[in-house]
2 protein chains.
Amino acid sequence: MALTRHDSSFYTDYLERRNEIGPKLVIFMVGLPARGKSYISHKLRRFLSWMGFRTKIFNVGNRRRVADAATTHDATFFDPNNARARELREQVALDTLEELISWLKSGGKVAIHDATNSTRVRREALIHRVSQEPNISFMFMESICTDPIILETNIRMKLNSPDYRNMDPETAIADFKARTNNYEKAYEPLGDVEEKLDVSYVKVFNVGKKSIAYNVRGYLMSQCVFFLGNMHIADRVIYLTRHGESEYNREGKIGGDPPLTDQGRKFAAALARFAQERHPIAPACAEKSKADATFGGGGGGQLQLWTSKLRRTVETAHFFDEQYEVTTMRFLNEIYSGLCEGMTYDDIKKVYPEEYRTRQANKLIGRYPGGENYMDVIERLRPVVVELERLSTDVLIITHNVVMRTLLAYFTGMDLLEMTLLDVPLHTVYCLKPKPYGVEIAYQRGVVVICITPPSEH
Amino acid sequence: MALTRHDSSFYTDYLERRNEIGPKLVIFMVGLPARGKSYISHKLRRFLSWMGFRTKIFNVGNRRRVADAATTHDATFFDPNNARARELREQVALDTLEELISWLKSGGKVAIHDATNSTRVRREALIHRVSQEPNISFMFMESICTDPIILETNIRMKLNSPDYRNMDPETAIADFKARTNNYEKAYEPLGDVEEKLDVSYVKVFNVGKKSIAYNVRGYLMSQCVFFLGNMHIADRVIYLTRHGESEYNREGKIGGDPPLTDQGRKFAAALARFAQERHPIAPACAEKSKADATFGGGGGGQLQLWTSKLRRTVETAHFFDEQYEVTTMRFLNEIYSGLCEGMTYDDIKKVYPEEYRTRQANKLIGRYPGGENYMDVIERLRPVVVELERLSTDVLIITHNVVMRTLLAYFTGMDLLEMTLLDVPLHTVYCLKPKPYGVEIAYQRGVVVICITPPSEH
């Protein structure tokens, strides 16, 4: 059985501390149905969990369906004039908040209250309750969507909701639009009232095209707002690969700065062909390409190429046409193994038996003398991840085993301890296509492309 | 003569690349007089220059005074009905834009057009002109200030403006308020018009209390918006110090992970006394203190304590009462010297004469084999600097020589090449108080406090 993120056994000192010190945070979502509240909730949860914060989504709709299983929740249920239903919905929202507060008190760090929360009365009740908790801060996060194309896509996705199970799609869409109309009758967006109460909030329009932030305080809120400010839903591909085989790979040594082997250079040549087939560079494109500079200082284009500062990734980028702009960044270097750089695992076991043992027991926090642990790597990759969210061009990243594990864990929402055990073979390209719920992943080893079922975050 | 940031000689490959690749950026400020436009302009310039981007402010008011030196520019000059003056002001704004564009084309990266730019007609003229440049992107940045206390402070600072030289203060303030009234008559805030044109903009209310971002694209814009989102003007102190003397300091060796000497431990004890005198921890405060957790995962309080992950800074924090929450972070580690860690300068000269020579010639980009250069250190300190901007509690940072130089350069706006030559002695505490224009610095060596004149950014 895989360890889960909530096993108390694996949250040793560092992570406990990160979750216990400082205030907890509640994020109350606000918005009409199909405006991307759940999309934002899942994205935030994935980002925060990856940083080591225990984060959980509390969905009010799910609770409503359980609490009132005998009733069909069609559009009439959401009519503001339906007093019984309105009362039930308010009650369920507050019950969900109670459950959420208990969870925070028993070790959670960030809780997301995923509901429409679209009236002032509702929000005042939520504020009233959460303000009684001395160590819990809170903010509202409203998602507004006016772009008809995004809206239509969102609504079509709603057909998968349990409320529409066994319903003909056209009837379901008609019912859903009627439900939304009912919400709109009573909808009160965030604004003056919240500012008068000096409550923290963020409004996001059309998946990040515009945003309004009010009274954002503290590290967690600030990270959430920055992260959301960089999101977009344009199609693009992120290619991830380790460097070609290095001399140390062959000798079973870790770290260091070795060159590629002949085998590794063959992979480098194959990688350049692979990229050039998928992203041929026409002279005109190369010119246009400089449009989106990245934080590595590098240029953009159809395909950006990022490597670490280490010889084995730089050599792996060697065969690319010079029109591909290569950006090298230290952020993408392999985990640093301190005094164990250049040693084999057998050497380490002999020379540092104690450190070897504690590191094997938990690589998230264990480290070789003077080296980094996985949480250090996550911390230094945070700007890279935000930059990858922001970027709308395709990018090929040539990096290392541990960095690959860490980036794959971010994109798949994988458990952190599982991440440290992930097998990431050499000479394999992972193709990631961010999708509304999760990431579609394929990987290519040699000439074979294997597709994995896209993991769902729902 | 000190080298200046614009000497072409010192912008070698790395920095040239950073300034040449990707689009240039123009930031057009918008806002009534005394709303903090210049404050924001200077802060942004300091941040971007520190990151290695050539950034310059083009102040329209200064140009106006030169262009029309014969006329007194009292409030009547700013009356929208004063046709001659209005025409002159529009012309000067566009002339300034021409100058700015020429500068960008001759090697600049980010140019800030510092003016009220408060009417649509003016902004449309600016957009029309800048849109003709294929490789220049632009955004508007509006500062709105409604807080009467901030406003009054801002207005009092305006007495230093050349327009009010030789004027009695009360007359000057009355004139200034009349000028502002004249601007208000014609003032059109950013909003629907800009959104319809799909122009990027940010509106900042009351120094970051609230912000609106529209269509923020690209790395540079995104960094500017994130940076401004974290600013505040609350009073606080940032203490910076190196660790106490280490065994390597005594032996003339660099890097490594040595312990403190007896002398170093004496400094550690003195540092704890110094902090406890200035920031006594009462039990109640210690409890309250957890209110503002930082990204190191650590807690807050009256005084936060940050160290690097290296033994010599951790030992320097040893004598602090355990109620001070200590956060250790790898971001604050000393510059990494690769294969030269633990060597003396004489050793390095002998073993790596070529690397020694190139590094001495330019430490911004020169590095020892496998080590970091100063630009790498700046890159990894960027999240620390944003966090320091955000934080409103006092903080004491115990770190290392190069990190000290880098942080001091950020806060003083010092030239980057000068930064690499800065003398930062051991056993000295620098006390930084961020002020509206620049930072007030004092430093304490032993028991003597020496105050340095606050550097002005004006």
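Whatever comes next refers back to the structure up there.
Only a predicted model underlies this, so the values are computations on that prediction, with no experimental measurement involved.

Parameters at a glance
- Note on numbering: residues in each chain are counted from 1, in written sequence order.
- Numbering of ligands from 1 and lettering of chains from A proceed in the order in which they are written.
- Thresholds applied to this predicted model are a pLDDT of at least 70 for local features of residues and 80 or more for the giving and counting of side-chain atom pairs; totals over whole chains, interfaces and linings are not thresholded and use all residues.
- Side-chain numbers here rest on the full set of heavy atoms in the structure, without hydrogens or water.
- Centres within 6.5 Å make a pair out of two Phe, Tyr or Trp rings, where for Trp the six-membered ring is used; the pair is then stacked when the planes are under 30 degrees apart, edge-to-face when over 60, and tilted otherwise.
- Only DSSP runs of H or I covering at least 4 residues are called helices, and only runs of E covering at least 2 are called strands; the numbering of each starts at the N terminus.
- Burial classes follow relative accessibility: with a 1.4 Å probe on protein chains only, a residue under 20% of its type's maximum area counts as buried, one over 50% as exposed, and anything between as partly exposed.
- Every angle, taken between N-to-C directions, lies between 0 and 180 degrees, and every axis is a line fitted to C-alpha atoms, over only the stretch in contact when it is a helix.
- Under this scheme an angle from 65 to 115 degrees is roughly perpendicular, one under 35 degrees roughly parallel, and one over 145 degrees roughly antiparallel; angles in between are oblique.
- Contacts: residue pairs with any heavy atoms within 4.5 Å of one another.
- For this classification, Asp, Glu, Lys and Arg are treated as charged, while Ala, Val, Leu, Ile, Met, Phe, Trp, Tyr, Cys and Pro are nonpolar and the rest, including Gly, are polar.
- Strands pair, by our definition, only if DSSP identifies at least two bridges between them.
- Using a 1 Å grid laid over the protein atoms alone, points where a 1.4 Å probe fits but cannot get out form a cavity; open sets with protein on both sides within 12 Å along at least 5 of 7 lines form a pocket; any residue with an atom within 4 Å of a point counts as lining.
- Grid points are joined across faces, edges and corners, and a volume is the space filled by probe spheres set on the points.

Caption draft 1: Fine view of the packing of aromatic side chains. Residues and elements named next belong to chain A. Under the criterion given, the structure shown has 28 aromatic pairs over all chains. Geometrically, the ring pair formed by tyrosine 201 and tyrosine 214 is stacked, given 5.6 Å between the ring centres and 25° between the ring planes. With tyrosine 201 in strand 5 (residues 201-205) and tyrosine 214 in strand 6 (residues 210-214), the pair connects residues that are 13 residues apart, well separated along the chain. The same class applies to tyrosine 201 as to tyrosine 214, namely buried. Judged by centre distance (5.0 Å) and plane angle (75°), the rings of tyrosine 410 and phenylalanine 411 are edge-to-face. We classify tyrosine 410 as buried; its relative accessible area is 0%. Residue classification places phenylalanine 411 among the buried positions, given a relative accessible area of 3%.

Caption draft 2: Expanded view of the packing of helix 2 (residues 37-50) of chain A against helix 16 (residues 374-390) of chain A. All names here are of chain A. It is the contact of helix 2 with helix 16, at a shortest axis distance of 11 Å, that shows an interaxial angle of 160°. One element, helix 2, and the other, helix 16, form an angle in the roughly antiparallel class. Along the contact surface, helix 2 presents Lys43, Arg46, Phe47 and Trp50, while helix 16 presents Ile378, Leu381, Arg382, Val385, Val386 and Glu389. Residues of the contact of helix 2 with helix 16, tallied by class, amount to 6 nonpolar, no polar and 4 charged.

Caption draft 3: Inspection of the pairing of strand 5 of chain A at higher detail. Residues and elements named next belong to chain A. Across the 5 residues of strand 5, 5 count as buried, placing the element largely inside the fold. Side chains of strand 5 alternate between two faces, with Tyr201, Lys203 and Phe205 and Val202 and Val204 buried alike. For strand 4 (residues 136-144) and strand 5, the ladder comprises 5 bridges, and the chain directions are parallel. In the strand pairing of strand 5, serine 143 is matched with valine 204. Between the end of strand 5 and the start of strand 6, which pair antiparallel, lie 4 residues, with asparagine 206 showing a positive phi angle near 45°.

Caption draft 4: Representation of empty space enclosed by the protein in the model. Scanning the model with the defined rule gives 3 cavities of 30 Å³ or more in all. Lining of the largest cavity is provided by 22 residues; of these, Phe226, Arg382 and Pro383 of chain A together with Phe226 and Arg382 of chain B occupy positions nearest its centre. Counting residues per element, the ones that place at least two in the lining of the largest cavity are helix 9 (218-229) and helix 16 of chain A together with helix 9 (218-229) and helix 16 (374-390) of chain B. Its residues assigned to classes, the lining of the largest cavity shows 10 nonpolar, 6 polar and 6 charged.

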